[in-house]
Amino acid sequence: MAEKKLLRALAGETLPTPPIWMMRQAGRYLPEYRATRAEAGDFLSLCYNSELAAEVTLQPIRRYGFDAAILFADILLVPQALGADLWFVTGEGPRLSTITDQAGFDALKPADAIHDHLAPVYETLRILTRELPSETALIGFAGAPWTVATYMIAGRGTPDQGPAHALKAENRPLFEALLERITEATITYLSEQVKAGAETVKIFDSWAGSLQGEDFQKYAVEPARRITAALKELHPGLPVIAFPRGAGERYEGLHKVIGADCIALDDGVTAEWAAKHVQPDGCVQGNLKSSHMVTGGQALVDETRRIVKALSGGPHIFNLGHGITPDADPENVQLMIDTVREG
Ligand code: CP3
């Protein structure tokens with residue numbers, strides 16, 4: 001069944017050269033992305049314009065022939081669908097209305113009331129299933145409940161997720177109710193993405209690393225486990241990628257406790273360490289430092305080769321450790337791909 005290279009790696013196959021795609025592969029480093037975003041008006045309008053969102057998803061596939069396309073959307077569309085106000089401040093990032101008390105929580109919509117709002121996202125996926133090359137896998141995604149909650153509580157990105165940690169300490173029942181609502185919404189959102197054509201889904205827990213001790217287990221691992229189990233029950237055989245960024249040594253054993261087919265690695269662990277401690281349990285994805293896409297040169301080639309070699313003994317999907325940045329040089333992306341595929 002699984003002919004596409006990405007799906008073969010997710011199924012546990014060790015391939016002669018790893019499939020490759022890149023977090024934020026449709027993004028501001030590409031002139032064609034900037035042109036389409038200008039045509040849409042702004043970032044959120046682009047997310048909700050299915051034709052244009054499909055177009056920017058396809059742009060890096062056309063330019064580079066990546067083995068996978070990732071749906072163009074954002075993890076913060078879910079809070080918006082639950083009723084939060086959301087806008088983006090140019091050069092700064094997202095802003096949301098905050099949830100700090102019971103009244104704010106009570107104003108949220110139920111988890112299953114999000115689909116009208118998110119219908120354009122499902123339409124983007126349907127367009128992509130028709131337009132993607134047959135060898136390109138289609139990845140859906142959502143934010144993990146903890147990461148999404150950090151934005152809903154603070155109303156913006158925060159360096160240390162302070163407001164979310166504070167709410168967790170001061171009003172744990174409210175904090176847990178919010179995580180529960182996001183978890184339920186995420187299950188139904190990702191299930192609709194699969195029905196619309198996503199062949200695998202990735203759960204982005206960008207701020208998992210700031211959860212300490214038992215909190216990591218309760219608020220990063222457990223929600224990811226529940227989402228994965230629910231999706232696999234609804235869609236038997238669906239491969240799931242989990243990205244608990246900043247997990248460090250806690251990456252070890254996560255395939256098993258989450259039930260995920262693939263664990264995505266940031267650049268905080270070495271590929272050699274991951275080959276020994278994480279890859280024996282299943283596919284790993286990662287983990288080149290994004291800054292190489294800015295600096296390029298021999299260091300990019302050497303690091304790419306080192307990662308490919310270190311992880312060549314098991315299932316591996318080549319990727320960056322985090323999203324590509326707007327100042328990256330598109331030629332460095334080509335150099336990375338050529339290096340991965342030289343075999
Ligand atoms: O990877 C992809 O190409 C798919 C699309 C995608 C975007 N955001 C598009 C985007 C995905 C998977 C995301 C995930 C996302 N969004 C995360 C988790 C991954 C991570 O980066 O840690 C988070 C935390 C967000 C929230 C978000 N969206 C922030 C904090 C920002 C502003 C920071 C920035 O890079 O500008 C965004 C904006 C955003 N999301 C852009 C893109 C292409 C840039 C917006 C623009 O065009 O101006």
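Counting restarts for each chain, with residues numbered from 1 along the sequence as it is written. Given that this is a predicted model, residues contribute local features only at a pLDDT of at least 70 and side-chain atom pairs are listed and counted only at 80 or more, while totals for whole chains, interfaces and linings are drawn from all residues.

Caption draft 1: Highlighting the nonpolar core. One finds Ala69, Val78, Ala242 and Ile263 to be the most contacted residues of the largest nonpolar core, which totals 109 residues. Of all the elements, helix α10 (residues 172-195) adds the most residues to this core, at eight residues. Discounting chain neighbours no more than four positions away, the residues touching alanine 69 are Thr57, Leu58, Ile61, Leu128, Leu132, Thr136, Leu138 and Ile139. Only buried residues count toward a nonpolar core: Ala, Val, Leu, Ile, Met, Phe, Trp, Tyr and Cys, linked into one set through C-beta atoms within 7 Å. With C-beta atoms placed from the backbone, the exposure class of a residue follows from how many other C-beta atoms lie within 10 Å of its own: 20 or more, buried; 12 or fewer, exposed; in between, partly exposed. The helix count covers DSSP runs of H or I at least four residues long, the strand count covers runs of E at least two residues long, and both are numbered beginning at the N terminus. We call two residues in contact whenever the C-beta atoms placed from their backbones are within 7 Å.

Caption draft 2: Here's a closer look at the UniProt feature "site: Transition state stabilizer" (unreviewed entry) in the protein chain. Residues annotated by UniProt as "site: Transition state stabilizer" (unreviewed entry) correspond here to Asp74. What makes aspartate 74 partly exposed here is the crowd of 19 C-beta atoms within 10 Å. UniProt positions are given in the numbering used here, feature names are shortened, and annotations may be inferred rather than shown by experiment.

Caption draft 3: Fine view of the UniProt feature "domain: Uroporphyrinogen decarboxylase (URO-D)" (unreviewed entry) in the protein chain. UniProt records the feature "domain: Uroporphyrinogen decarboxylase (URO-D)" (unreviewed entry) at residues 19-28 and 139-155, using the numbering of this structure. Taken as a whole, residues 139-155 contains 59% helix and 29% strand, while its terminal C-alpha atoms sit 27 Å from one another.

Caption draft 4: Main features of the environment of methionine 22. Structurally, methionine 22 is set in the loop between α1 (5-10) and α2 (31-40). Overall, the presence of 25 C-beta atoms within 10 Å leaves methionine 22 in the buried class. Filtering out sequence-adjacent residues up to four positions away, methionine 22 remains in contact with Phe66, Asn319, Leu320, Ile324 and Val333.

Caption draft 5: Inspection of the packing of helix α8 (residues 145-154) against helix α9 (residues 162-170) at higher detail. Axes here mean lines fitted to C-alpha atoms, for a helix over just the part in contact, with angles spanning 0 to 180 degrees between N-to-C directions. Close contact between α8 and α9 brings their axes to 8 Å; oriented N to C, the two are set at 90 degrees. As judged from the angle between their axes, α8 and α9 are roughly perpendicular. Of α9, the residues touching α8 (which contributes Ala149, Thr150, Ile153 and Ala154) are Pro163, Ala164 and Leu167. Only Asp, Glu, Lys and Arg are considered charged, only Ala, Val, Leu, Ile, Met, Phe, Trp, Tyr, Cys and Pro nonpolar, and every remaining residue, Gly among them, polar. Among the residues making up the contact of α8 with α9, the classes are represented as six nonpolar, one polar and no charged. If an angle is under 35 degrees, it is roughly parallel; if it is over 145, roughly antiparallel; if it lies from 65 to 115, roughly perpendicular; otherwise it is oblique.

Caption draft 6: Molecular detail of helix α11 (residues 214-234). End to end, α11 covers 29 Å across 21 residues, agreeing with the expected 30 Å (1.5 Å per residue, within 8%). The seven residues ending at a residue and the seven starting there each receive a fitted axis; the angle between those axes is the bend at that residue. The largest bend in α11 amounts to roughly 35 degrees and is located at valine 221, with the proline proline 223 lying one to four residues further along. Considered for burial, the residues of α11 that qualify are Tyr219, Ala220, Val221, Pro223, Ala224, Ile227, Thr228 and Leu231. Next to the buried residues of α11 lie α8, α10, β5 (200-205), β6 (240-244) and α12 (254-259). Multiplying one less than the number of residues by 1.5 Å gives the expected span of a helix.

Caption draft 7: Quick peek at the sheet that holds strand β9 (residues 316-320). Across the sheet, seven strands lie side by side as β1-β4-β5-β6-β7-β8-β9; this open sheet has parallel pairing. One side of each edge strand has no neighbouring strand; the edge strands of this open sheet are β1 (68-70) and β9. With direction set aside, neighbouring strand axes in the sheet form an average angle of 25 degrees. Bridge count for strand β7 (residues 262-264) against strand β8 (residues 283-288) is three bridges, and the pairing is parallel. Looking across to β8, one finds that alanine 264 is bridged to glutamine 285. Paired strands are those between which DSSP finds at least two bridges.

Caption draft 8: Molecular detail of the packing of helix α15 (residues 297-310) against helix α16 (residues 330-341). Packing of α15 against α16 brings their axes to within 9 Å, and their N-to-C directions diverge by 40 degrees. Relative to α16, the crossing made by α15 is right-handed. Contact residues: α15 offers Leu300, Val301, Thr304, Arg305 and Val308, while α16 offers Asn332, Leu335, Met336, Thr339 and Val340. Residues of the contact of α15 with α16, tallied by class, amount to six nonpolar, three polar and one charged. Crossing handedness is read from the near helix: turned anticlockwise from the far helix by less than a right angle, it gives a left-handed crossing, and turned clockwise, a right-handed one.

Caption draft 9: Expanded view of the pairing of strand β2 (residues 86-89). In this structure, β2 lies alongside strand β3 (residues 93-96), joined through four bridges in antiparallel fashion. When the sheet's bridge partners are listed, tryptophan 87 is paired in β3 with arginine 95. Where β2 folds back on β3, the antiparallel hairpin that results is connected by three residues, among which glycine 91 adopts a positive phi of roughly 80 degrees.

Caption draft 10: Highlighting unusual backbone geometry. In this structure, the amide linkage connecting glycine 286 to the following residue, asparagine 287, adopts the cis form with an omega of -15 degrees. Here arginine 24, not a glycine, exhibits a phi torsion of approximately 60 degrees, which is positive. By the secondary structure assignment, arginine 24 is in the loop between α1 and α2. The backbone of glutamine 161 shows a phi angle near 55 degrees, a positive value even though the residue is not glycine. Relative to the assigned elements, glutamine 161 resides in the loop between α8 and α9.

Caption draft 11: Local environment of the site of the ligand. We call a residue near a molecule or strand when its C-beta atom, built from the backbone, sits within 6 Å of it. The immediate surroundings of the ligand are formed by 22 residues, with Gly27, Phe43, Gly93, Phe204 and Ser206 found nearest. Of the residues that constitute the shell around the ligand, the class distribution is eleven nonpolar, seven polar and four charged.

Caption draft 12: Region of the structure containing the confidence of the model for the protein chain. A score between 0 and 100, pLDDT records how confident the predictor is in each residue. Within the protein chain, residue pLDDT values average 97, and 99% of them lie at 70 or more. Across the interfaces of the predicted complex, the ipTM metric reaches 0.94, alongside a pTM of 0.97.

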